[in-house]
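Now for the letters of each chain:
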Amino acid sequence: MLSTAQPSPERVPSPEEQEWAGPEALCPGWLEDEAPDGEVPGDSGDPECATHAYERLQSALCQEGLPPTLDCSAEPRTGFGPLDITVCILGSPTAFLPVLLEGGTRCPGAMVLCLSPTWASRVPSETSPGAWSLLLSRGVSFKVGGHSALETFVPPRRANYVTGTLAPGDPEGGWVGELARDLDCPTGGSVPLAHRLEDTLVTRWVLAARAHLPVPPTLAFVLEARGDLPAEPVAPGLRLVRLEDPRGQQSLVQEEVGAFLGGTAMEPYGQVVVRPAGWRWRGTGTRSTHRKEEGAAVAQAVGAWLRGLTEEDSVLLEAMVPTARLPVPPPRSPAPRLPMALRICTLVCRSWGDRPQLCQVACAVGRAESPVRHGTALPQGLDSSLRQWGVVALSQRQALATRLREATEAAMAALLATEAELSPQQRGGTRAHTDILGVDFLLACVDDALELVALATNSQRCLETCVLAEAMGRGVGEPRGDLPRLLAEAMLHRAQCHLVEGKDILLIGAGGVSKSFVWEAARDYGLRIHLVESDPEHFAAGLVQTFLPYDSREHRRDEEHAERVLELLRSRGLRPHACLSYWDDCVVLAALVCQGLGLRGPAPAAVRVAKQKSRTHRHLQRCRRGRPPPAAFAVPCRRLQSHGDVERAAGAVPFPAVAKLEFGAGGVGVRLVENAGQCHAHAARLWRDLRDDADHPGIGLGWGNAMLLMEYVPGTEHDVDLVVFEGRLLGAWVSDNGPTRVPAFLETAACLPSCLPADRQAQLVRAALECCRACGLRDGVFNVELKLGPAGPRLLEINPRMGGFYLRDWIREVYGPDLLLAAVLVALGVPPVLPARPAPRTHLAGVMCLGSEHGETLAGGGGMEALKELHGRGLVRLNRLFEEPEGAGEYEEPLLSVACAGATLAEACERLLGLCQGLGIDSPRYPVEHFLSHFK
């Protein structure tokens with residue numbers, strides 16, 4: 001809460017002055033829009049409004065300095081298939097034009113504007129009984145550079161995502177709402193949802209009761225039969241009175257009005273307004289204003305509106321909350337300063353992982369005696385508005401901006417939660433959700449502190465205001481904001497999620513408990529998984545569409561295994577759309593099967609180079625083209641298959657060095673050796689203890705137990721997870737690893753996002769990408785482990801599959817995108833849409849737990865139950881890697897990862913350390929504080 005201790009030097013207008021200025025002056029800055037005056041598009045003589053809308057599009061393109069739309073409708077476009085993305089915007093082009101242009105740049109041709117109901121048709125869905133598919137026979141598509149084309153589609157294009165101008169009263173709203181109703185693809189809004197957003201009573205209850213936001217004190221009268229509100233809604237500042245018959249209720253109305261006006265909630269306020277509310281009343285401006293002392297007049301005004309009350313409407317009596325008045329610097333002019341009003345408009349979207357994300361804030365300032373409505377005043381930024389209002393301290397403005405973001409995102413989360421409780425009919429379709437939301441706020445003064453009061457929500461007005469603010473900024477040389485990008489990415493992402501529904505995915509290797517998320521994600525995305533797995537009793541057998549038990553553990557015979565798998569598929573009549581593997585042992589087999597099926601994926605030769613560690617470095621050492629060449633990232637190493645190899649390697653690799661399994665995984669058997677004698681001893685133990693997959697499943701022993709000796713690289717260790725499509729980098733995420741317990745190299749701690757400067761992270765990403773490209777890995781999701789020293793990055797190893805352990809979960813939590821979905825899309829031949837400028841939503845710090853160190857504490861001491869309970873409440877992130885401890889001594893693998901989140905990395909580390917100390921994970925033998933000390 002921000003203090004407003006000093007009284008304002010400005011005089012507050014008297015009620016008489018406000019009344020003279022008009023009733024709107026009593027509600028400074030938060031009146032709804034008035035109904036538009038003048039001719040509407042439908043009056044132009046074009047009953048479909050397509051001509052008028054097309055002309056508006058051309059005018060808007062011209063104002064942006066973009067070429068006019070090219071008419072290509074005479075030559076129909078063909079060839080659209082089930083893997084082509086179509087994001088359809090129905091209705092007016094004005095509000096969505098920046099999104100269409102951005103989407104056309106990100107995915108050329110995927111964004112299609114439909115300006116007429118004759119350009120689209122609805123057919124019964126083939127996949128969702130009772131739903132409809134939207135087919136586009138004509139539309140304006142957008143491409144790179146702001147180019148657009150009017151095209152006809154033969155056969156019609158099937159929409160993967162639909163939204164448009166669904167606001168009540170919009171000229172196109174009728175046909176747009178009808179086309180968008182009950183579709184089988186994700187739909188960003190619907191007429192019923194827009195009606196809810198425009199109903200002040202419904203949204204005010206959600207904002208107060210579910211989002212826990214301050215709202216103006218409100219007394220609402222509704223009919224008893226109204227069913228879209230709880231029977232007795234409990235919300236601070238909101239009271240609901242149900243009436244069986246609105247006539248003859250004078251005594252009840254007088255009693256309720258008197259109690260409201262004399263209640264504690266009304267103590268800070270001197271005026272009230274009476275008005276009808278509901279989506280039908282949007283923008284009418286119908287209301288009357290009264291002083292709080294005029295109880296009889298207020299009751300009479302309420303009674304007058306009750307006589308015409310319908311089931312969809314309500315009559316509201318609400319406090320007039322004035323804009324906060326703060327001390328400001330002396331004016332430059334001696335003329336008296338007039339009282340002003342401030343409206344804060346926010347736009348939020350349903351982003352990655354269905355999480356609300358604030359896109360933009362715009363403010364409007366006007367005279368207090370004239371209401372500041374959407375579209376009646378030019379918008380300005382939040383920071384300059386707060387400075388203008390007297391919030392001088394930067395820390396206070398930043399605190400208010402943070403609070404505004406939290407309040408806006410909380411508002412959308414609450415509205416989405418209430419939408420999920422509605423029936424498909426109430427939502428306007430099973431796939432209909434609010435994806436873009438406007439929330440209006442007032443900056444008020446409560447108990448000498450600044451408070452954001454949530455006023456109302458809307459379905460499109462805040463979008464139009466924020467688009468205008470974006471365009472105004474570009475007019476004075478401001479860089480493009482994030483609004484078009486965030487909305488386009490969200491729409492394209494939802495379209496891609498729909499695109500993968502029902503696709504047949506061949507998965508090679510199930511993995512263990514650490515890969516359990518695969519089956520949950522497959523269900524959520526609607527994937528049909530056909531699993532090839534060596535263990536005939538694997539728990540995933542009952543979680544997939546088809547289970548194909550086949551023992552492929554001897555991976556030195558993968559060519560033979562690939563032929564057998566192809567025979568299995570032919571015998572079952574299976575024709576998968578994609579094939580991939582998340583399990584380290586099976587990546588070569590998956591590449592061979594992909595090749596046999598003619599599906600997209602990394603070449604088997606490239607995967608073999610990456611899978612065999614010494615071969616990776618030898619290959620890179622020969623890659624000497626580039627500045628710097630990939631050879632600059634390679635590390636001297638030698639393959640070890642005998643003690644004679646150890647002697648020869650000792651003469652070529654300087655000590656100290658690292659000895660590890662050639663095809664190993666999970667850090668098992670990796671050890672720092674100081675001399676040839678230590679290397680001989682370690683190799684002898686490892687060759688004795690780890691001979692084949694039965695000795696330690698899942699660490700690559702199906703490829704044999706050959707080793708390599710690698711030069712020790714000083715520096716910090718990092719993981720880089722890449723999404724690559726046709727050799728082009730689409731996404732990259734850098735995480736940091738804590739110090740290991742030398743001489744072992746088992747992971748101890750990690751954090752995301754990286755605490756490295758941006759330029760050092762860029763070095764890691766570039767090195768990882770160049771190493772993958774040099775090895776031939778041009779399509780897929782890859783995990784690259786590197787060391788970063790003073791002279792730059794050096795490669796440890798490439799994992800030609802998605803990052804393991806906790807990485808997929810962490811990246812989703814911090815940044816939003818799902819590596820699993822990205823891998824599926826790449827395997828289908830579709831470049832995933834990922835954030836162009838990923839920004840972390842939180843910071844995570846985590847620590848690994850070992851069975852040898854923490855087994856008794858977690859099991860006998862109740863630590864595991866405590867962690868599960870905290871995980872269920874969202875207070876920690878718990879990633880189980882194994883059900884039981886795997887390996888022993890120097891071959892042990894981590895049992896689980898536990899992480900804490902924070903607004904900063906320091907906060908996350910502090911929470912994690914406290915948790916580990918409380919549960920006994922931290923100890924002198926396992927010093928968590930030391931492991932976290934490198935994250936600075």
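Residues numbered from 1 in each chain as written. Predicted model: local features only at pLDDT ≥ 70, side-chain atom pairs only at ≥ 80, totals over all residues. Heavy atoms only, no water.

Caption draft 1: Highlighting the overall build of the protein chain. Across its full length, the protein chain holds 27 helices and 35 strands. Its C-alpha atoms give the protein chain a radius of gyration of 32 Å, within 12% of the compact-globule value 30 Å for 936 residues. A principal-axis box enclosing the C-alpha atoms of the protein chain has dimensions of 100 × 70 × 55 Å. Here the contacts in the protein chain between residues at least 6 apart in sequence split such that 69% fall between residues at least 24 apart. Taken as a whole, the protein chain presents about 37,900 Å² of accessible surface, with 52% of it coming from carbon and sulfur. (Helix = DSSP H or I, 4+ residues; strand = E, 2+ residues; numbered from the N terminus. Rg over C-alpha atoms; globule rule 2.2 N^0.38 Å. Contact = heavy atoms within 4.5 Å. Areas by Shrake-Rupley, 256 points an atom, 1.4 Å probe, with all protein chains shown as cover.)

Caption draft 2: Structural view of a nonpolar patch on the surface. Residues Leu-378, Leu-468 and Met-472 make up a contiguous nonpolar surface patch of roughly 260 Å² in combined accessible area. Inspection of the secondary structure assignment puts Leu-378 in the loop between strand 16 (356-367) and helix 9 (382-388). (Patch = residues over 30% accessible without salt bridge, like charges linked within 9 Å, V, L, I, M, F, W, Y side chains within 5 Å. Salt bridge = Lys/Arg side-chain N within 4 Å of Asp/Glu carboxyl O.)

Caption draft 3: Layout of the side chain of Glu-419. Relative to the assigned elements, Glu-419 resides in helix 10 (residues 394-420). For Glu-419, the contacting residues outside a window of four places in its chain are Leu-193, Arg-427, His-433 and Thr-434.

Caption draft 4: Representation of the pattern of salt bridges. For the coordinates displayed, the defined rule picks out 55 salt bridges. For Arg-600, the salt bridge is made with Glu-726, and the minimal N-O distance between the two is 3.4 Å. On the criterion of sequence distance, the pair formed by Arg-600 in the loop between helix 16 (587-597) and helix 17 (604-611) and Glu-726 in the loop between strand 28 (716-725) and strand 29 (728-737) is long-range, its members being 126 residues apart. Arg-600 sits in the partly exposed class, given a relative accessible area of 26%. (Buried < 20%, exposed > 50% of the residue type's maximum accessible area, 1.4 Å probe, protein only.)

Caption draft 5: How the structure looks around helix 16. The element helix 16 is extensively covered by neighbouring structure, given that 8 of its 11 residues are classed as buried. When we look at burial in helix 16, the residues that qualify are Val-587, Val-588, Leu-589, Ala-590, Ala-591, Leu-592, Val-593 and Cys-594. After helix 16 finishes, the residue Gly-598 shows a positive phi value of roughly 70 degrees.

Caption draft 6: Representation of the packing of aromatic side chains within the structure. Scanning the entire structure with this criterion turns up 7 aromatic pairs. For the ring pair Phe-805 and Tyr-806, a centre distance of 6.4 Å and an interplane angle of 35 degrees mean the geometry is tilted. For Tyr-806, a relative accessible area of 3% translates into the label buried. Three or more aromatic residues joined by ring pairs make a cluster, and in this case those are Phe-805, Tyr-806 and Trp-810. Sitting over the face of the ring of Phe-153, Arg-157 holds its NZ or CZ atom 5.1 Å from the ring centroid. (Phe/Tyr/Trp six-rings, centres within 6.5 Å; stacked < 30°, edge-to-face > 60°. Lys NZ or Arg CZ within 6 Å of the ring centre and 35° of its normal.)

Caption draft 7: Spotlight on the packing of helix 12 (residues 461-475) against helix 13 (residues 483-500). Where helix 12 contacts helix 13, the two axes come as close as 10 Å, and the packing angle between them is 130 degrees. Here helix 13 runs oblique to helix 12, going by the angle between their axes. In this structure, helix 12 uses Leu-463, Cys-466, Val-467 and Glu-470 to contact helix 13, whose residues at the interface are Leu-483, Pro-484 and Leu-487. Class assignment for the residues of the contact of helix 12 with helix 13 results in 6 nonpolar, no polar and 1 charged. (Axes fitted to C-alpha atoms, helices over the stretch in contact; angles between N-to-C directions. Parallel < 35°, antiparallel > 145°, perpendicular 65-115°, else oblique. Nonpolar A, V, L, I, M, F, W, Y, C, P; charged D, E, K, R; others polar.)

Caption draft 8: The nonpolar core, seen in detail. One finds Leu-90 and Val-898 to be the most contacted residues of the largest nonpolar core, which totals 141 residues. If we ignore the near neighbours within four places in the chain, the residues touching Leu-90 are Cys-114, Leu-134, Val-162, Thr-163, Gly-164, Thr-165, Trp-175, Val-176, Leu-179 and Ala-180. Core analysis: the second largest hydrophobic core is formed by 51 residues, Ala-562, Phe-663, Leu-722 and Val-765 among them. (Core = buried A, V, L, I, M, F, W, Y, C linked by side-chain atoms within 4.5 Å.)

Caption draft 9: Inspection of the sheet that holds strand 23 (residues 578-580) at higher detail. Reading across from one edge, 22-21-20-23 is the order of the 4 strands in this open sheet, with parallel pairing throughout. In this open sheet, the two strands that pair with only one neighbour each are strand 22 (546-549) and strand 23. Direction aside, the axes of adjacent strands within the sheet are offset by 20 degrees on average. Strand direction decides the pairing type here: strand 20 (residues 504-508) and strand 21 (residues 528-533), joined by 5 bridges, are parallel. Bridge pairing in strand 21 links Leu-507 to Leu-531. Contacting strand 20, strand 21 and strand 22, helix 15 (residues 558-572) crosses the sheet at an angle of about 140 degrees to strand 22. (Pairing = 2+ DSSP bridges.)

Caption draft 10: Fine view of the environment of Pro-124. Tracing the backbone shows Pro-124 in strand 5 (residues 120-124). For Pro-124, a relative accessible area of 58% gives the class exposed. Distance in space between the C-alpha atoms of Pro-124 and Asp-184 is 9.1 Å, their sequence separation being 60 residues. Contact partners of Pro-124, with chain neighbours within four places excluded, come to Ala-131, Trp-132 and Ser-133.

Caption draft 11: Region of the structure containing unusual backbone geometry. For the peptide bond that leads from Arg-627 to Pro-628, omega is -5 degrees, which places it in the cis range. Relative to the helices and strands, Pro-628 is located in the loop between helix 18 (613-621) and strand 24 (637-640). Of the consecutive residues Val-742 and Pro-743, the connecting peptide bond is found in the cis state with omega at 15 degrees. Within the secondary structure layout, Pro-743 lies in the loop between strand 29 and strand 30 (749-752). With phi around 60 degrees, His-212 is a residue other than glycine that occupies positive phi space. Its place among the elements puts His-212 in the loop between helix 6 (200-210) and strand 10 (218-223). One non-glycine residue, Asp-354, adopts positive backbone phi at about 60 degrees. Examined against the element boundaries, Asp-354 turns out to sit in the loop between strand 15 (340-350) and strand 16.

Caption draft 12: Local environment of a positive patch on the surface. Taken together, the side chains of Arg-615, Arg-618, Arg-622 and Arg-638 define a basic patch exposed on the protein surface. Relative to the elements of secondary structure, Arg-622 occurs in the loop between helix 18 and strand 24. Given the relative accessible area of 60%, Arg-622 is considered exposed. (Lys, Arg positive; Asp, Glu negative; His and termini not counted. Charge placed at Lys NZ, Arg CZ, Asp CG, Glu CD.)

Caption draft 13: Geometry of the packing of helix 13 against helix 23 (residues 819-828). One can describe the packing of helix 13 onto helix 23 by two numbers: an axis separation of 11 Å at closest approach and a directional angle of 65 degrees. Considered as vectors, helix 13 and helix 23 are oriented roughly perpendicular to each other. With respect to the hand of their crossing, helix 13 and helix 23 are arranged in left-handed fashion. Contact with helix 13, carried on its side by His-493, Gln-496, Cys-497, Leu-499 and Val-500, involves Leu-821, Val-824, Leu-825 and Leu-828 of helix 23 and no other residues of that element. When the residues that make up the contact of helix 13 with helix 23 are grouped by side-chain class, the tally is 7 nonpolar, 2 polar and no charged. (Left-handed = near helix turned anticlockwise from the far one by under 90°.)

No statement about biological role is implied by the geometric values presented.
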